[in-house]
Amino acid sequence: MTEPTKDRTLLVTGIGELVTHDPAHGASGVLTDAALVVSGGRVAWTGPAAQAPATDDRLDVEGRCVIPGFVDSHSHVVFAGDRSAEFAARMAGEPYTGGGIATTVAATRAASDDVLRDGARRLVAEMRAQGTTTVEIKSGYGQDVATEERMLRLARELTDETTFLGAHTVPAEAAHDRRAYLDLVTGPMLAACAPHARWVDVFCEPAAPTAFDADESREVLAAGIRAGLLPRVHGNQLGPGPGVRLAVEVGAASVDHCTHLTGDDVAALAGSSTVATLLPAVEFSTRSPYPDARALLDAGVAVALATDCNPGSCYSSSMPFVVALAVREMGMTPLEAVRAATAGGAAALRCDDVGTLEPGARADLVVLDAPSHVHLAYRPGVPIVRTVLRGGRPVA
Ligand SMILES: [Zn+2]
C-alpha cells in the first residue's frame, strides 16, 4: 500500500466486518461489507463499501475484519531483571503475595537508562504487533526519587499515558518507618515525577503488608491531585478491601483488578464515572479466581480490559490473549470483550479520540487475519493480527 500523508486520503475497503463502536451504526456498532476513510490521520467516514467516497489511496483487506486498535490502559513495562523462577515456584504451589516486587526493584535501580529503555521498547513493539495502539506505563519499581523519575522519563519517550506509582509497595529499607516512605512519595518523589506523569496511582490493598491501606492511599492520591495529576487505583486484587470505594470517592478514572468485589462495591461503581479495569491475565498467571465481569456489566458498570504486563504477576503483553480469557473465563461476549479492550481502555484513560472508529477518532485500527472479531477468542494464542495502523500509518 502507499503510505498516506497528511494531505492524502486513504480508503480501507473490502472489510468483511468492521467493529466501530459507533452508535450511528446500531447498538452493536458493527458493519459488514464495509469501508473506512482516513484523512489527516483520523477516521473521516465509515459505511457500506458500495457507498464509499473517492480517495487518493486504497487498501483492500479482502474480506477481513477490522477493529479499533487496542487500548492497554495498565502496564508496567519499564523494569529490569527476570522472575521466571518465581513463576515456576508459584505454578508448583507457592501462593502469590506481591512480595517478589522487591526483586524487580533491586534490578531496576541497578539498571542503566539504556537497559531500561531497550526493555520497554521491546515490550511496546511486542504490544504493537498484537494490535495495541495506545499504552499506559507506570513507574513503581524504583521506590526511590532518582529511579522513579528515571522510569517515568523513559516511559514518556513511549507514551503520553504515564503514571506515577511510587506507592506500589513500601520498599524493604522503609518497612520499619512507613510514615517516612509516605512523606517521601507525597513530597520529593512526587515533585520529581509529576513533570513526567499524567496520572497518580496507589496499590490500595490492606491485605498485603507491603501495600497501602485506605488512609495511606487517600493521602497519596490527594498529594498527586494537588500536583496536577489525575487519580487511578490498584484495588481489590488479593481480597475484599477499600480500593473501589476510595477510587469512587476521589473520582478516579479507573480502579484496576476488581477481583474481589462486594455487592456494595459493584453498586458504587455503577453510580460513578470510575471504570472497572479487569486484568484477567493476572488471574491466569497467578492461578487465582477471575473477577465477576458479568456482575459488573449487568449492573451497568463501565468495564475495561488490560494486560497489566509486568515481570511478576503477569508477563504477557497480549491484548488478544486478554480478550480470549475474558470470553472463556469471565463470560463476556466476544463483542463485549473487544469493546472493553478498546473503548473501555480509552474511557479508563479519559481519552475521547481512541478506542472507537467513529468519525473524528484517531485512525488506529487493526486488520485481523480473520473474518470476524470472534476469532480473537475462538483462536486463542494464534497470531491473527495482520496489519496495525496508528494515526492512519502502518506500525505493524
Ligand atoms: Zn499493576
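Residues numbered from 1 in each chain as written. Predicted model: local features only at pLDDT ≥ 70, side-chain atom pairs only at ≥ 80, totals over all residues. Heavy atoms only, no water.

Draft legend 1. Region of the structure containing the overall build of the chain. Scanning the chain from terminus to terminus reveals 13 helices and 18 strands. Expected size for 396 residues packed as a compact globule is a radius of gyration near 21 Å; at 21 Å, the chain falls within 12% of this value. Burial analysis of the chain (396 residues in total) assigns 56% to the buried set. Considering only contacts in the chain between residues 6 or more positions apart, those separated by 24 or more positions represent 70%. Only carbon and sulfur atoms are counted for the fraction: they give 53% of the accessible area of the chain, which is about 14600 Å². Averaging the positions of the 33 positive and the 48 negative side-chain charges in the chain gives two centres separated by 3 Å. (Helix = DSSP H or I, 4+ residues; strand = E, 2+ residues; numbered from the N terminus. Rg over C-alpha atoms; globule rule 2.2 N^0.38 Å. Buried < 20%, exposed > 50% of the residue type's maximum accessible area, 1.4 Å probe, protein only. Contact = heavy atoms within 4.5 Å. Areas by Shrake-Rupley, 256 points an atom, 1.4 Å probe, with all protein chains shown as cover. Lys, Arg positive; Asp, Glu negative; His and termini not counted. Charge placed at Lys NZ, Arg CZ, Asp CG, Glu CD.)

Draft legend 2. Just the coordination of the zinc ion, in detail. With distances of 2.0 to 2.6 Å, the protein atoms coordinating the zinc ion are His-74 (NE2), His-76 (NE2), His-234 (NE2) and Asp-308 (OD). If you look at the zinc ion, its four donor atoms make angles of 78 to 167 degrees with each other, and the shape they trace is irregular. Counting residues between consecutive donors of the zinc ion along the chain gives the motif H-x1-H-x157-H-x73-D. Of the two residues, His-76 sits in the loop between β6 (70–72) and α1 (84–91) while Asp-308 sits in the loop between β15 (303–305) and α11 (319–330), which places them 232 residues apart along the sequence. (Donors = N, O, S within 2.8 Å, 3.2 Å for Na, K, Ca; no water. Tetrahedral: all angles 85-135°; square planar, octahedral: opposite > 155°, others 65-115°.)

Draft legend 3. Representation of the packing of aromatic side chains. The full count for this structure, using the stated rule, is three aromatic pairs. With a centroid separation of 5.8 Å and an interplanar angle of 75 degrees, the aromatic rings of Phe-79 and Tyr-315 are classed as edge-to-face. You can see Phe-79 sitting in the loop between β6 and α1 and its partner Tyr-315 sitting in the loop between β15 and α11, a full 236 residues away along the chain. Their ring planes at 85 degrees and their centres at 5.1 Å tell us that Phe-284 and Phe-321 sit as a pair that is edge-to-face. Of this pair, Phe-284 sits in helix α9 (residues 280–286) while Phe-321 sits in helix α11, and the two are 37 residues apart along the sequence. Overall, the relative accessible area of 44% leaves Phe-284 in the partly exposed class. (Phe/Tyr/Trp six-rings, centres within 6.5 Å; stacked < 30°, edge-to-face > 60°.)

Draft legend 4. Structural context of the environment of Gly-392. Among the structural elements, Gly-392 can be located in the loop between β17 (385–390) and β18 (393–394). Separated by 208 residues in the primary sequence, Gly-392 and Leu-184 place their C-alpha atoms 43 Å from one another.

Draft legend 5. The environment of Gly-381, seen in detail. Within the secondary structure, Gly-381 is located in the loop between α13 (375–378) and β17. Residue class for Gly-381 comes out exposed when judged on its relative accessible area of 77%. Taking C-alpha positions, Gly-381 is 32 Å from Phe-164, a pair spaced 217 residues apart along the chain.

Draft legend 6. Representation of the side chain of Thr-259. Summarising the element assignment, Thr-259 is placed in the loop between β13 (254–257) and α8 (263–270). Contact partners of Thr-259, with chain neighbours within four places excluded, come to Asn-236, Gln-237, Glu-283, Pro-289, Tyr-290 and Pro-291.

Draft legend 7. The nonpolar core, seen in detail. In terms of nonpolar packing, the biggest core is built from 65 residues, with Ile-67, Phe-164, Leu-305, Met-332 and Leu-368 touching the most fellow members. For Met-332, the contacting residues outside a window of four places in its chain are Ala-293, Arg-294, Leu-297, Val-303, Leu-305, Ala-326, Val-327, Ala-337 and Ala-340. Counting residues in each nonpolar core, the second largest holds 19 residues, with Val-78, Val-105, Val-124 and Tyr-141 among its members. (Core = buried A, V, L, I, M, F, W, Y, C linked by side-chain atoms within 4.5 Å.)

Draft legend 8. Highlighting α11. Within the sequence span of α11, burial applies to Met-319, Pro-320, Val-322, Val-323, Ala-324, Leu-325, Ala-326 and Met-330. Its side-chain oxygen 3.0 Å from the backbone nitrogen of Phe-321, Ser-318 forms the N-cap of α11. Of the residues trailing α11, Gly-331 is marked for its positive phi of about 75 degrees. (Polar contact = N/O pair within 3.5 Å; in protein donor to acceptor, adjacent residues only side chain to side chain.)

Draft legend 9. Here's a closer look at unusual backbone geometry. Non-glycine residue Asn-236 carries a positive phi angle of around 55 degrees. With respect to the helices and strands, the residue Asn-236 is situated in the loop between β12 (233–235) and α7 (243–249). Phi at Asp-308 is positive, roughly 60 degrees, even though this residue is not glycine.

What is shown is where atoms sit, not what they do.
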